[in-house]
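Geometric and topological summary
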Amino acid sequence: MSRAAEESNRRLLRARDAMDRGYAEPLDIPALARIAHVSPAHFTRTFRAAFGETPHRYLQRRRVERAMFLLRETDRSVTDICFRVGFGSTGTFSRTFRDIVGRSPRAYRKEAATVATVPTCFTMAWTRPHT
């Protein structure tokens with residue numbers, strides 16, 4: 001791998017790390033591209049090539065993963081969780097959650113409550129979103 005490719009990958013990883021840390025914040029492509037020191041169009045192209053999904057879809061998936069944890073481990077309302085993980089509307093949250101997880105947030109919470117006696121490692125593998 002060339003030195004330029006390694007540097008490009010490091011920059012992409014910095015932007016992805018920023019998404020992992022600030023998943024609940026309003027992040028946009030221009031801001032992430034500035035972190036990676038590239039143009040927004042180039043950032044989107046190279047991110048997808050490196051990680052197999054667009055930056056927007058990656059951020060949505062991270063938010064849904066966090067929401068899954070909160071649905072399993074807390075008794076907060078679905079609406080509260082929606083806004084806590086960074087979604088702007090409950091409709092978008094529910095639609096995105098269903099697209100990624102395959103069921104609604106309420107159905108997921110109900111199912112997660114029934115598997116509370118299963119070891120955590122199995123639960124995490126079973127409940128991991130498949131995209």
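Here, every reference points to the structure presented above.
No experiment lies behind these values; they were computed from the predicted model shown.

Description of the overall build of the chain
Secondary structure summary: the chain contains eight helices and zero strands in total. When the helices and strands of the chain are read in sequence order from the N terminus, they spell out α-α-α-α-α-α-α-α. For the chain, the C-alpha atoms occupy an extent of roughly 50 × 30 × 20 Å along the three principal directions. The 131 residues of the chain split such that 34% are buried.

Some thoughts on the packing of aromatic side chains
Inspection of every chain in the model, using the stated rule, returns six aromatic pairs. Ring centres of F47 and Y58 lie 5.8 Å apart, and the angle between their planes is 65 degrees; on these two criteria the pair is classed as edge-to-face. Taken as a pair, F47 in helix α3 (residues 40-51) and Y58 in helix α4 (residues 55-73) lie far apart in primary sequence, eleven residues in all. Summarising the aromatic geometry, the rings of F97 and Y108 are spaced 5.7 Å apart at their centres and angled 70 degrees between planes, so their arrangement reads as edge-to-face. Here the residue F97 occupies a position in helix α6 (residues 90-101), and Y108 occupies one in helix α7 (residues 105-114), the gap between them amounting to eleven residues. Each residue in the set F43, F47, F51 and Y58 is aromatic and connected to the rest through ring pairs, giving one cluster. Taking NZ or CZ as reference, R63 lies 5.9 Å from the ring centre of F87, over its face.

A closer look at the nonpolar core
Across soluble globular proteins, you tend to see nonpolar side chains buried next to one another. Core analysis: the biggest nonpolar cluster contains 27 residues, and F43, V85, F93 and F97 have the highest contact counts within it. The greatest single-element share of this core, amounting to seven residues, is contributed by α4. The contact partners of F43, leaving out residues within four places of it in the chain, are L12, A15, I29, L32, A33, A36, V38 and P55.

Some points on the pattern of salt bridges
Counted by the stated rule, this structure contains eleven salt bridges. Measuring nitrogen to oxygen at the nearest pair gives 2.9 Å for the salt bridge that ties E7 to R10. Taken together, the residues span about one helical turn, with E7 and R10 both in helix α1 (residues 3-21) at a distance of three residues. Taking relative accessible area as the criterion, R10 reaches 42% and is therefore assigned partly exposed.

Here's the deal with the environment of M124
Tracing the sequence through the fold places M124 in helix α8 (residues 120-127). Its relative accessible area of 45% is what places M124 among the partly exposed residues. For the pair M124 and F69, spaced 55 residues apart in sequence, the C-alpha separation works out to 9.4 Å.

Examining the environment of T92
In this fold, T92 is placed in helix α6. You can call T92 partly exposed: its relative accessible area is 29%.

Examining α7
Along α7, the positions that sit buried rather than exposed are P105, Y108 and A112. All buried residues of α7 lie within an arc of 55 degrees about the axis, which places them on one face of the element. Along α7, exposed side chains directed more than 90 degrees from the buried face belong to R106, K110, A113 and T114. For α7, the elements touching its buried residues are α4, α5 (78-84), α6 and α8.

Rules behind the numbers
Within every chain, residues take consecutive numbers counted from 1 along the sequence as written. Reporting in this predicted model follows two pLDDT cut-offs: at least 70 for local features of residues, and 80 or more for side-chain atom pairs to be given and counted; totals over whole chains, interfaces and linings ignore these cut-offs and use all residues. Calculated side-chain values reflect all of the structure's heavy atoms, with hydrogen atoms and water omitted. Secondary structure follows DSSP: runs of H or I at least 4 residues long count as helices, runs of E at least 2 residues long count as strands, and numbering of each begins at the N terminus. Only protein chains enter the calculation, and the probe is 1.4 Å; a residue is then buried if its accessible area is under 20% of its type maximum, exposed if over 50%, and partly exposed in between. Only the six-membered ring of Trp is used, alongside the rings of Phe and Tyr, when aromatic pairs are assigned; centres must lie within 6.5 Å, and planes under 30 degrees apart are stacked while those over 60 apart are edge-to-face, with the rest tilted. We call a charge positioned over a ring when the NZ of a Lys or the CZ of an Arg lies within 6 Å of the ring centre and within 35 degrees of the ring normal. We call a set of buried Ala, Val, Leu, Ile, Met, Phe, Trp, Tyr and Cys residues a nonpolar core when their side-chain atoms join them within 4.5 Å. Contacts were defined at the residue level, with two residues in contact if any of their heavy atoms lie within 4.5 Å. By definition here, a salt bridge exists when the distance from a side-chain nitrogen of Lys or Arg to a carboxyl oxygen of Asp or Glu is within 4 Å. The directions considered for the arc run from the helix axis to the C-beta atoms.

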